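Survey of secondary and tertiary structure
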Amino acid sequence: MAKRILFLLNRAPYGSSYALEALESVLVAALFDQQVSVLFKGAGLHQLLKGQDGAAVGQRTVGKMLGALPEYGVAGLFVCAPSAARLGLTEGDFCLPVTLLDHDGQRRIINEQDIVTG
Amino acid sequence: MGLWGLLYCRRHYASLLAVVVSIAVHGAPYASAAARTALGFVESALRLGHRVHRVFFFHDAVLLAADSVVAPQDEQDMQAGWVRLQQTQGIELALCIANALKRGMLDEEARRRYGKPAATVHAAFTVVGLGQLIEAMMQSDRFVTFAG
């Protein structure tokens, strides 16, 4: 039976390989037909920025990989609104359509999950 | 009811509530406490009668499996603790293959395939695909991540 799995992504896209590796696990979860959602928090919001190019640092472009999420059937793409406010980012800065959530909203979607992981 | 009776009831009660647990460990050994905390968690879960389906080492946590590790004498040997669990309880210790290869963690098969001088993964660990992470999530009642 499909599980509701939330990936909480809070790492910057190029400071380490964590963002790319986590993204691979998100994609595999979606391939296994699980109900996958993603919540971006903190430095993880930088993964969503428009106009990034990983080639400049010899890596794949995280934002471009994220673009595949809707095709893989990842339904929920959430962004921590307080993180966005702190970083001075708005929806127009992101390369994907996302839903901004305050802390109460995040608590609500976390409560709905079977599994919350990184 | 004597002490043994109480203990028996507790054990019996625990087995009724037993769940299947899998965990993911993300943090590097020594650079984070993830592997140590996770080991304590798994030992406690087993003591309480729960079943541990799989331990999945991801990101830098794959380095825990290095066969060449020499633990300092005055510190807990973290790898030894995990190896003991595998050998005595048959707990599956799985490394993400993509994360392992690029960090130089090779089992014998990978060593041969890529023509490297030595296998580097301790025999208690198995190198598996990411699908096994998701399978562990699907097969377990509880899935806990030790991010580090």
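Along each chain, residues carry numbers from 1 onward, in the same order as the chain's sequence is written. Each chain is given a letter, starting from A, and each ligand a number, starting from 1, according to the order in which they appear as written. Where local features are concerned, this predicted model is filtered to residues with pLDDT of at least 70; where side-chain atom pairs are given and counted, the filter is 80 or more; whole-chain, interface and lining totals use all residues.

**So, the overall build of chain A**
Numbering of helices and strands runs from the N terminus; a helix is a DSSP stretch of H or I covering at least four residues, while a strand is a stretch of E covering at least two. From N to C terminus, chain A includes four helices and five strands. Counting helices and strands in the order they occur from the N terminus, chain A gives β-α-β-α-β-α-β-α-β. Radius of gyration means the value over C-alpha atoms here, while the globule rule gives 2.2 Å times the residue count to the 0.38 power. Scaling as 2.2 N^0.38, a compact globule of 118 residues should have a C-alpha radius of gyration of about 13 Å, and chain A matches this with 13 Å. The principal-axis extent of the C-alpha atoms belonging to chain A is close to 40 × 30 × 20 Å. Once local pairs closer than 6 in sequence are excluded, the contacts in chain A between residues at least 24 apart make up 70%. A pair of residues counts as a contact when their C-beta atoms, built from backbone coordinates, are within 7 Å of each other.

**With respect to the overall build of chain B**
When helices and strands are counted, chain B shows six helices and five strands. Ordering the α and β elements of chain B from the N terminus gives α-β-α-β-α-β-α-α-β-α-β. Sorting the 148 residues of chain B into buried and exposed places 36% on the buried side. Expressed as a percentage of contacts within chain B between residues at least 6 apart in sequence, the contacts between residues at least 24 apart total 77%. For the exposure call, what matters is how many other C-beta atoms sit within 10 Å of a residue's own: 20 or more marks it buried, 12 or fewer exposed, and in between partly exposed, using C-beta atoms placed from the backbone.

**Details of the packing of helix H2 (residues 34-47) of chain B against helix H3 (residues 78-89) of chain B**
All names here are of chain B. Direction vectors running N to C along H2 and H3 enclose 30 degrees, while the axes themselves pass 10 Å from each other. Relative to H3, H2 is oriented roughly parallel. Seen along the crossing, H2 lies across H3 with a hand that is left-handed. Each of Ala35, Arg36, Leu39, Val42 and Leu46 in H2 lies in contact with H3, whose residues at this interface are Met78, Gly81, Trp82, Leu85 and Gln89. The axes used here are C-alpha line fits, helices contributing only the stretch in contact, and every angle between their N-to-C directions lies in the interval 0 to 180 degrees. Put simply, angles under 35 degrees are roughly parallel, angles over 145 are roughly antiparallel, angles from 65 to 115 are roughly perpendicular, and the rest are oblique. Handedness of each helix crossing follows the sense of rotation of the near helix against the far helix: counterclockwise by less than a right angle gives left-handed, clockwise gives right-handed.

**Brief notes about the sheet that holds strand S5 (residues 142-146) of chain B**
Residues and elements named next belong to chain B. DSSP calls a pair of strands paired once it identifies at least 2 bridges connecting them. What the five strands build is an open sheet, ordered S4-S3-S2-S1-S5; its pairing is parallel. Every interior strand has two partners, whereas the edge strands, strand S4 (125-128) and S5, have only one. Geometrically, the sheet is characterised by an average inter-axis angle of 25 degrees between neighbouring strands, direction not taken into account. Against the sheet, helix H6 (residues 131-139) engages strand S1 (20-25), strand S2 (51-57), strand S3 (93-96), S4 and S5, with an angle of about 155 degrees to S2.

**Here's the deal with the environment of Pro82(A)**
Of note, Pro82(A) is situated in helix H3 (residues 81-87). Those residues in contact with Pro82(A) that sit more than four places away from it in its chain are Asp102(A) and His103(A).

**Some words on the environment of Ala34(B)**
All names here are of chain B. The topology assignment puts Ala34 in helix H2. C-beta crowding within 10 Å serves as the criterion here: with 24 such atoms nearby, Ala34 is assigned to the buried category. Residues Ala34 and Ala61 lie 27 residues apart in sequence; the distance between their C-alpha atoms is 8.1 Å. If sequence neighbours within four positions are ignored, Ala34 has contacts with Val25, His26, Gly27, Ala61, Phe146, Ala147 and Gly148.

**Side note on the interface of chain B and chain A**
Counting residues at the interface gives 14 residues for chain B and 13 residues for chain A. Counting residues per element, the ones that place at least two in the side of chain B that touches chain A are helix H4 (97-101), H6 and S5 of chain B. Element by element, the count of residues in the side of chain B that touches chain A is highest for H6(B), at five residues. Among the residues forming the side of chain B that touches chain A, the class breakdown is nine nonpolar, five polar and no charged. Residues were grouped as follows: Ala, Val, Leu, Ile, Met, Phe, Trp, Tyr, Cys and Pro as nonpolar; Asp, Glu, Lys and Arg as charged; and all remaining residues, including Gly, as polar.

**Here we look at the sheet that holds strand S5 (residues 115-117) of chain A**
Adjacent strands of a sheet pair through backbone hydrogen bonds, lying either parallel or antiparallel. Residue and element names in this part refer to chain A. Strand order in the open sheet made by the five strands is S4-S3-S2-S1-S5, with parallel pairing throughout. The sheet terminates laterally at strand S4 (99-101) and S5, the two strands that pair on one side only. Adjacent strand axes in the sheet meet at a mean angle of 25 degrees, parallel and antiparallel pairs treated alike. Sheet topology note: the strand S2 (residues 35-40)/strand S3 (residues 76-80) ladder contains four bridges and is parallel. Bridging from a neighbouring strand, Phe40 pairs with Val79 of S3. Here helix H1 (residues 18-31) sits on the sheet in contact with strand S1 (4-9) and S2, set at roughly 165 degrees to S1.

**What to know about the nonpolar core**
With 67 residues, the main nonpolar core has Val25(B), Phe57(B), Val62(B) and Leu95(B) as its most contacted residues. Ranked by residue count, the leading element in this core is H1(A), at seven residues. Apart from the residues lying within four places of it in its own chain, the contact partners of Val62(B) are Phe57(B), Leu95(B), Cys96(B), Asn99(B), Ala100(B), Arg103(B) and Met105(B). Nonpolar core, as used here: buried Ala, Val, Leu, Ile, Met, Phe, Trp, Tyr and Cys residues forming one set through C-beta atoms within 7 Å.

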